[in-house]
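As a plain string of letters, each chain reads:
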Amino acid sequence: MPVNSDFQGRVYPPTETYRVSAAKIREFAEAVGSADPVHVDAEVARARGYADVIAPPTFAVLIAQQCDGQLIRDPEAGIDFSRVVHGEQRFVHHRPLTAGDAVVGTLHVDTVREAGGHAMVTTRTELATEAGEAVCTATSTIVIRGGE
Amino acid sequence: MTTTPSTPSTPSTPSTTPAAVRSFSEVSVGDALPATTVHVDRARLVQYAGASLDRNRIHWDEPFAKAVGLPDVIAHGMFTMGSAVTLVTAWVGDAGRVVEYGVRFTRPVVVPYDAGADIEVSGVVKSVDPETKRVTVELTATAAGEKVLGRALAVAVLD
């Protein structure tokens, strides 16, 4: 089943709030091997001018992939998850994600295209606080491998 | 090196304890960052799966990975991306200074049960912008002799 190109340009409503916790930041930082104490020590973080411990640069993927799920799980999109490969990922941080942040993600389907028998879908999640402050733009391209 | 006159430290004024952030003036195009090796084994992938909530079985279940046509369990691309940028954050001196980071996933990192895999990560300063004190670092990550990331660029704001 081909990927539904009608989804290009679609914007989903903002997700439920995700609350960024110090515990999850620590767990993520340990998993990627980031030794910067700014992820685990609130005193260090405050000394550097942050409100609390901050997340590593790729932490936002955790929230963005939950947003992407709205598209991937939509039967009308025609995305076979078992054939999905992550092609590209990019983050633009407007400020670091910080423990205590209450963020919502708005999913944009930027492009849907076919190339060489595969489909490529680029999504963009705009993460902002509940108050509307932009925090991070996470852009992801997935490749849906064509059938043989 | 410059020294800052010491002032009485009070917890409510963060500027009294400056971060050891790299100075823009000491960075030039072509500078190499200290290279590192990231070792990844199955335990690490399970740890990352839990931390990131990406529990796709191809990253920890060998029979499943092979059944869908992979040579073995493969690392999460996002694990490789996330561990590679620690080279930049350590060099900059503050993980919060990385304002942009993007990669292409060019090849999977295959992670055998016994030996795991080594990801060799290096980085070079590609451009500097005196106006914004932004530096762009290009990362190279290889596993088993093959590049696993492409167009891996991180932008950090220095002091």
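Keep in mind that what you see is a predicted model, and the values were worked out from it rather than measured.

Student: Quick rundown of the overall build of chain A? Include the residues and the values.
Tutor: The helix and strand inventory of chain A stands at 3 helices and 5 strands. Written out in order from the N terminus, the α and β elements of chain A read β-α-α-α-β-β-β-β. Along the three orthogonal principal directions, the C-alpha set of chain A runs to about 55 × 30 × 20 Å. Per-residue burial for chain A yields a buried fraction of 40% across its 148 residues. Of all intrachain contacts in chain A linking residues separated by at least 6 positions in sequence, the fraction that spans at least 24 positions is 72%.

Student: Let's hear about the overall build of chain B: which residues, and what values?
Tutor: Counting its regular elements, chain B contains 4 helices and 6 strands. The secondary structure elements of chain B, listed N-terminal to C-terminal, are β-α-α-α-α-β-β-β-β-β. For chain B, the proportion of its 159 residues judged to be buried stands at 35%.

Student: How would you summarise the interface of chain A and chain B if you had to cite specific residues and measurements?
Tutor: Between chain A and chain B, the contact holds 32 residues from the first and 32 residues from the second. Counting only elements with at least two residues in the side of chain A that touches chain B, the list comes to helix H1 (22-32), helix H2 (42-47), helix H3 (61-72) and strand E2 (84-93) of chain A. Ranked by the residues each element gives to the side of chain A that touches chain B, the list is headed by E2(A), at 8 residues. Looking at the side of chain A that touches chain B residue by residue, the classes come out as 15 nonpolar, 11 polar and 6 charged. Two strands pair when backbone bridges link them, and E2(A) and strand E2 (residues 98-105) of chain B are joined in this way by 5 bridges, in the antiparallel orientation. In the sheet register, A:Phe91 faces E2(B), and the bridge partner there is B:Tyr101.

Student: Report on the pairing of strand E4 (residues 118-129) of chain A, specifying residues and quantitative values.
Tutor: Residues and elements named next belong to chain A. Bridge count for strand E3 (residues 102-115) against E4 is 12 bridges, and the pairing is antiparallel. Opposite Thr-106, over in E4, you have Glu-126 as the bridge partner. Between the end of E3 and the start of E4, which pair antiparallel, lie 2 residues, with Gly-116 showing a positive phi angle near 55°. With 10 bridges connecting them, E4 and strand E5 (residues 134-144) associate as antiparallel partners. Bridging across to E5, Thr-125 finds its partner in Ala-138. Here E4 hands over to E5 after 4 residues, with Gly-132 in that stretch at a positive phi of 100°.

Student: Tell me about the environment of A:Arg83, and please be specific about residues and values.
Tutor: Residues and elements named next belong to chain A. Among the secondary structure elements, Arg-83 is positioned in the loop between H3 and E2. As for Arg-83 and Arg-145, which are separated by 62 residues in sequence, their C-alpha atoms are 5.3 Å apart. Leaving out residues up to four positions away in the same chain, Arg-83 has contacts with Ile-144 and Arg-145.

Student: Account for helix H3 (residues 77-84) of chain B, with residues named and values stated.
Tutor: A large share of H3(B) lies buried, amounting to 8 of its 8 residues. When H3(B) is considered as a whole, its buried residues turn out to be B:Gly77, B:Met78, B:Phe79, B:Thr80, B:Met81, B:Gly82, B:Ser83 and B:Ala84.

Student: With reference to specific residues and values, describe unusual backbone geometry.
Tutor: If a residue is not glycine, its phi is most likely negative; likewise, a peptide bond is most likely trans. Residue and element names in this part refer to chain B. The residue Leu-53 is not glycine, and still its phi comes out positive at about 70°. Assignment of secondary structure puts Leu-53 in the loop between helix H1 (42-52) and helix H2 (62-67). With phi around 60°, Lys-133 is a residue other than glycine that occupies positive phi space.

Student: Can you break down the environment of A:Ala60 residue by residue, with the values?
Tutor: Residues and elements named next belong to chain A. Assignment of secondary structure puts Ala-60 in the loop between H2 and H3. For the pair Ala-60 and Val-135, spaced 75 residues apart in the sequence, the C-alpha separation amounts to 9.6 Å. When neighbours within four sequence positions are excluded, Ala-60 is seen to be in contact with Phe-91, Leu-97, Leu-127, Cys-136 and Ala-138.

Student: Break down H1(B) for me, citing the residues and quoting the values.
Tutor: Along H1(B), the residues classified as buried are B:Arg44, B:Leu45, B:Tyr48, B:Ala51 and B:Ser52. Seen from one end, H1(B) has its buried residues packed into an arc of 125°, which puts them on one side. Looking at the buried side of H1(B), the elements it contacts are H1 and H3 of chain A together with strand E1 (32-40) and H3 of chain B.

Student: Explain the environment of B:Gly50 to me, and be specific about the residues and the numbers.
Tutor: Take B:Gly50: it is sitting in helix H1. Taking C-alpha positions, B:Gly50 is 17 Å from B:Val111, a pair spaced 61 residues apart along the chain.

Student: Report on the pairing of E5(A), specifying residues and quantitative values.
Tutor: The side chains of a regular strand alternate, first on one face of the sheet and then on the other. Note that E2(A) and E5(A) share 9 bridges and pair antiparallel. Residue pairing in the sheet places A:His93 in a bridge with A:Cys136 of E5(A).

Student: Describe the confidence of the model for chain B, and please don't skip the residues or the numbers.
Tutor: Mean pLDDT over chain B works out to 91, with 88% of the residues at or above the 70 mark. A low-confidence stretch, residues 1-17 of chain B stays under pLDDT 50, and its non-local contacts, those more than four residues away or across chains, total 10 contacts.

Student: Before we move on, can you summarise the packing of H1(A) against H1(B) with the specific residues and values?
Tutor: Any two packed helices are characterised by the angle at which their axes cross and by the distance between the axes. With their axes 9 Å apart at the nearest point, H1(A) and H1(B) run at an angle of 150° to one another. Taken together, the axes of H1(A) and H1(B) lie roughly antiparallel to each other. For the pair H1(A) and H1(B), the crossing hand works out as left-handed. For the pair formed by H1(A) and H1(B), the contact residues are A:Glu27, A:Phe28 and A:Ala31 on the first element and B:Gln47, B:Tyr48, B:Ala51 and B:Ser52 on the second. Taken together, the residues of the contact of H1(A) with H1(B) break down into 4 nonpolar, 2 polar and 1 charged.

About the criteria used
- Residues numbered from 1 in each chain as written.
- Chains lettered and ligands numbered in written order.
- Predicted model: local features only at pLDDT ≥ 70, side-chain atom pairs only at ≥ 80, totals over all residues.
- Helix = DSSP H or I, 4+ residues; strand = E, 2+ residues; numbered from the N terminus.
- Buried ≥ 20, exposed ≤ 12 C-beta atoms within 10 Å, placed from the backbone.
- Contact = placed C-beta atoms within 7 Å.
- Nonpolar A, V, L, I, M, F, W, Y, C, P; charged D, E, K, R; others polar.
- Pairing = 2+ DSSP bridges.
- Arc of directions from axis to C-beta.
- pLDDT = per-residue confidence, 0-100.
- Axes fitted to C-alpha atoms, helices over the stretch in contact; angles between N-to-C directions.
- Parallel < 35°, antiparallel > 145°, perpendicular 65-115°, else oblique.
- Left-handed = near helix turned anticlockwise from the far one by under 90°.

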